[in-house]
Protein chains: 2
Amino acid sequence: MTTLQDCQALDAQDPLRALRERFALPQGVIYLDGNSLGAQPKAAAARAAEVVTQEWGQDLITSWNKAGWISLPERLGNQFAPWLGVGQGELAFTDTTSINLYKVLSAAARIAREDAPGRKKLISERSNFPTDLYIAQSVCQEYGLELVLLEPEEIAGALQTDVAISMLTHVNYRTGAMHDMAAVTAAAHAKGILCVWDLCHSAGAVPVDLKGADADFAVGCSYKYLNGGPGAPAFVWAHPRLINRFWQPLSGWFGHAEPFKFVPDYHPAQGIQRYLCGTQPMISMSVLQCGIDIYTEAEAFGGMAALRKKSLALTDLFIQLVQERCQGHGLGLATPREHAARGSQVCLTREEGLGVNGQGSGAYAIVQALIARGVIGDFRKGDGGTGRHKDILRFGFTPLYVGFADVWNSVEHLRQVLESGEWQRPEFNTVHAVT
Amino acid sequence: MTTLQDCQALDAQDPLRALRERFALPQGVIYLDGNSLGAQPKAAAARAAEVVTQEWGQDLITSWNKAGWISLPERLGNQFAPWLGVGQGELAFTDTTSINLYKVLSAAARIAREDAPGRKKLISERSNFPTDLYIAQSVCQEYGLELVLLEPEEIAGALQTDVAISMLTHVNYRTGAMHDMAAVTAAAHAKGILCVWDLCHSAGAVPVDLKGADADFAVGCSYKYLNGGPGAPAFVWAHPRLINRFWQPLSGWFGHAEPFKFVPDYHPAQGIQRYLCGTQPMISMSVLQCGIDIYTEAEAFGGMAALRKKSLALTDLFIQLVQERCQGHGLGLATPREHAARGSQVCLTREEGLGVNGQGSGAYAIVQALIARGVIGDFRKGDGGTGRHKDILRFGFTPLYVGFADVWNSVEHLRQVLESGEWQRPEFNTVHAVT
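Residues numbered from 1 in each chain as written. Chains lettered and ligands numbered in written order. Predicted model: local features only at pLDDT ≥ 70, side-chain atom pairs only at ≥ 80, totals over all residues. Heavy atoms only, no water.

### A short note on the overall build of chain A
Note the cut-off: Helix and strand assignments follow DSSP, with helices taken as H or I runs no shorter than four residues and strands as E runs no shorter than two, numbered in order from the N terminus. Here the globule rule is a power law, 2.2 Å times the number of residues to the power 0.38, and the radius of gyration is based on C-alpha atoms. Think of it in three bands: residues with accessible area under 20% of the maximum for their type are buried, residues over 50% are exposed, and the middle band is partly exposed, with areas taken using a 1.4 Å probe on protein chains only. What makes two residues a contact is simply this: any of their non-hydrogen atoms within 4.5 Å. For accessible areas, the Shrake-Rupley method is used with a probe of radius 1.4 Å. Any residue's cover is judged against the shown protein chains and nothing else.
When its secondary structure is counted, chain A shows 14 helices and 15 strands. A globule of 435 residues ought to have a C-alpha radius of gyration of about 22 Å, and chain A, at 22 Å, matches this closely. When each of the 435 residues of chain A is scored for burial, the buried share is 64%. A separation threshold of at least 6 residues defines the contact pool for chain A, and within that pool the share at least 24 residues apart is 73%. Split by element, the accessible area of chain A, about 14300 Å² in all, is 52% carbon and sulfur.

### Section: the interface of chain A and chain B
Our working definition: Summed over both partners, the accessible surface that disappears when two parts come together, traced with a 1.4 Å probe, is what is meant by buried area. Any Lys or Arg side-chain nitrogen located within 4 Å of an Asp or Glu carboxyl oxygen qualifies as a salt bridge. Polar contact is defined as a pair of N or O atoms within 3.5 Å, subject to the rule that within protein one atom must be able to donate a hydrogen and the other to accept it, and that residues adjacent in sequence are counted only when both atoms are side-chain atoms. Charged residues are taken to be Asp, Glu, Lys and Arg, nonpolar residues to be Ala, Val, Leu, Ile, Met, Phe, Trp, Tyr, Cys and Pro, and polar residues to be all remaining types, Gly included.
With 77 residues of chain A at the interface, the matching set in chain B holds 77 residues. Taken together, both faces of the contact between chain A and chain B bury some 6500 Å²; the carbon and sulfur share is 67%. Ranking the residues of chain A by area buried against chain B places W56, I61 and Y134 of chain A at the top, with a combined share of 12%. Put simply, chain A and chain B have two salt bridges between them. A salt bridge links R110 of chain B to E142 of chain A, with the nearest nitrogen and oxygen atoms 3.8 Å apart. Put simply, chain A and chain B have 22 residue pairs in polar contact (both at pLDDT 80 or more) between them. Breaking the side of chain A that touches chain B down by element, the ones donating at least two residues are strand 3 (40-41), helix 3 (43-58), helix 4 (63-66), helix 6 (97-115), helix 7 (130-143) and helix 11 (282-298) of chain A. Of the residues forming the side of chain A that touches chain B, the biggest block, nine residues, is contributed by helix 7 of chain A. Of the residues contributing to the side of chain A that touches chain B, the split by class is 45 nonpolar, 25 polar and seven charged.

### Brief notes about the pairing of strand 7 (residues 163-169) of chain A
Within a regular strand, the side chains alternate between the two sheet faces. Residue and element names in this part refer to chain A. Going by this rule: Criterion used throughout: strands pair if DSSP finds at least two bridges between them. A clockwise path from the first strand over the helix to the second, with the strands pointing away from the viewer, defines a right-handed crossover.
In terms of burial, strand 7 is largely enclosed, as seven of its seven residues are buried. Relative to strand 7, strand 5 (residues 121-125) is paired through three bridges, and the arrangement is parallel. Within the sheet, the bridge partner assigned to I123 lies in strand 7 and is S166. Handedness of the crossover joining strand 7 and strand 8 (residues 194-198) through helix 9 (residues 181-190) is recorded here as right-handed.

### Quick look at the relation of the copies chain A and chain B
What counts is decided by this rule: What sets the superposition is a least-squares fit of C-alpha atoms, and only residues with pLDDT of at least 70 in both copies go into it.
The operation relating chain A to chain B is a screw motion whose rotation component is 180°, with 0.0 Å of axial translation and a residual RMSD of 0.0 Å. Such values leave the two copies arranged in the relation of a two-fold axis. Across chain A, the rotation axis passes nearest the C-alpha of S284 of chain A, at a separation of 2.7 Å.

### Points about the UniProt feature "binding site: pyridoxal 5'-phosphate" (unreviewed entry) in chain A
Residue and element names in this part refer to chain A. Rules: UniProt positions are given in the numbering used here, feature names are shortened, and annotations may be inferred rather than shown by experiment.
The positions that UniProt labels "binding site: pyridoxal 5'-phosphate" (unreviewed entry) are, in the present scheme, T97, S98, F129, P130, T131, D132, T169, D198, H201, Y223, W253 and T279. Spanning 183 residues, the named residues are also spread out in space, since their farthest C-alpha pair is 30.2 Å apart. Discounting residues that sit within four places of it in the chain, D198 has contacts with T97, D132, L168, T169, H170, V219 and G220. With respect to the helices and strands, the residue H201 is situated in the loop between strand 8 and strand 9 (217-220). Residues contacting H201, with those up to four places away along its chain left out, are N35, V171, Y173, K224, Y225, Q345 and R394.

In structure tokens:
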């Protein structure tokens, strides 16, 4: 049996331990929700003060050049590019994931319309994050495509020559299951299908090599594992072979070849700049820098190889401890045990009918009871037994700031919540607005 | 002749004087560029610290509910709604002006396609801010419309039954000329044309009554007169009679009727919520609150009537003093003298051939020389004598923080720069990147 002392020993030997000091985490909290909103880098407060007080307040408009606001979307993109396996000038931070997805899906639809006009399907996963499906619905409506939603095991078989675009999220938000990006992309390309990847739950969390996998387009957010701050600008990437083929439809002035010439006709810039649109929220974007800087610093601590090794050790340990210590309470595992198919989160399931008075699964109440104890994970509702999705208790493990003793303590809290029946208290069974 | 003492007396009697204290302006600077980037409310630094350190750092994901992040786009919209003459639930702050314009132009194009499929023109002004024209080009391409660019005097005659959409900016960014929104909208509606208004240079600067003018859609930015911070989220409005007629194409989860149900099909929310898309940059949006709060406070000081009265007095005074004190240096006036046709800025022109060695107009150098003296305006390039647009020296007068003595002093600096020939120095004639 693994003990708390064993875990403390693992923390003491952790080569990434110094990076935890870069984050301001609340006292008494074990934060396992960095896959929803990443923790605050300590540098963020000073950076926010600097951009508000000095760059905005004192330097005013001169900061567009003097503080480099104008080039920040692309500078941050270039700084983070190695973590996604992409080159300079290919990645930018801007707008939101949904909007960036609209840009790249539109570009892909325009390319497909020209290269393969007979293809009418855009495939995705039924349990993809909903905003991806909503944006895909819109693009399908505009370009006369059909959105086909599949279960994960149906995807390989569906990659046929009637498909124009495959739009998948690398790591599933509900289950933590990870696609083999290189294999899926190769199978899709063999049939002439363009591949769009959403990296919201994988950027900074797992190894991503977009060029190595030969992906076509990618988007993702910066407020989860990148610790960029609430709603921090998202990123967008296009493969160099496609990047200049079409405008994306959000053809704002920041995507213009010469934005400050103020000419009336749109001439898209070369490279990822054409995926920019309007003026970016510079306070949020300047603070995002602090999150990216920690990744740059992490390169000296072994980079993604070290992060991934620790992430798998943390999630392995969590799975093992839940099995050892929380038996008999109806918990199951939604996240794959196989390392190659696992992101940086562990999702537990609970059967319907195990809730208070046999109502529901009780998963929501268990998560609430854990939060009351300072163990912050989150709950994702299932389909109430009508389909294949069970209620989920979701725990994210950001290796930059989560330690092995945190894992041990969180499972111990879970054990106590379950064994004491504490989760059955009325206050944990009142459903509030869920984000 | 108006003296500095006269101006100081006007400042002493200014009923809005207390509001100037809400802003942190640099020492020794006369800031006449609030129509590019508004000044920093003093409250912004503390608000940024609170959202970064407490709401993000300590309260983490609970802030989506506890700090009200989730509803901030619509709460800010409701708070500012009276300043645009619109109702509750009709206005939201989100994304960028360019993106919001894409949403409303797309919605207007969908409505026009259904109601009047034979209409194929989208008209605008050739000297509209370019990003508006770029976005319109994109929407025209998608919906099979023709973008027709007009000079201001051609607009009235062009409002005919072959036009689907009129897209105009209320106050022109180059000249400060203001359209009569109610008259143009009435003339357009008489011919069945939908009216989209860009309020970037009018929101918070001049009286705007969208419902009174019976406008159809409006967008605008918050980083100019609203003092929301660099790149702060923009706003979007749709008339209640149209708001629920169509999806806009950026159908992200925040525009869904039930965003946290995570259902795979898009069902647009009622009201302005359907114009939301993805997760907003909450640090920038929280700081924007400080700018909006000053407008709410200004209601007790006479509201827009008082702001407009002061704005016109400031711009009248600037025009008068330039005429009295800066004769003989080739300056002209691009901004209308007529109050009803003037925004809150004054744009001076300078003829080609008056620059150093007869090259160019010298307007750029004059602006640079003024900036070196702490008088911050900006320069907008003309067409070099090939068309109707002269080089422009642009001065914005935000009545919340610009005073009458500022006007006097800025003209005195301009006089000295011109009479001394100081502007001819080489350092003022080297063109750097212009924003």
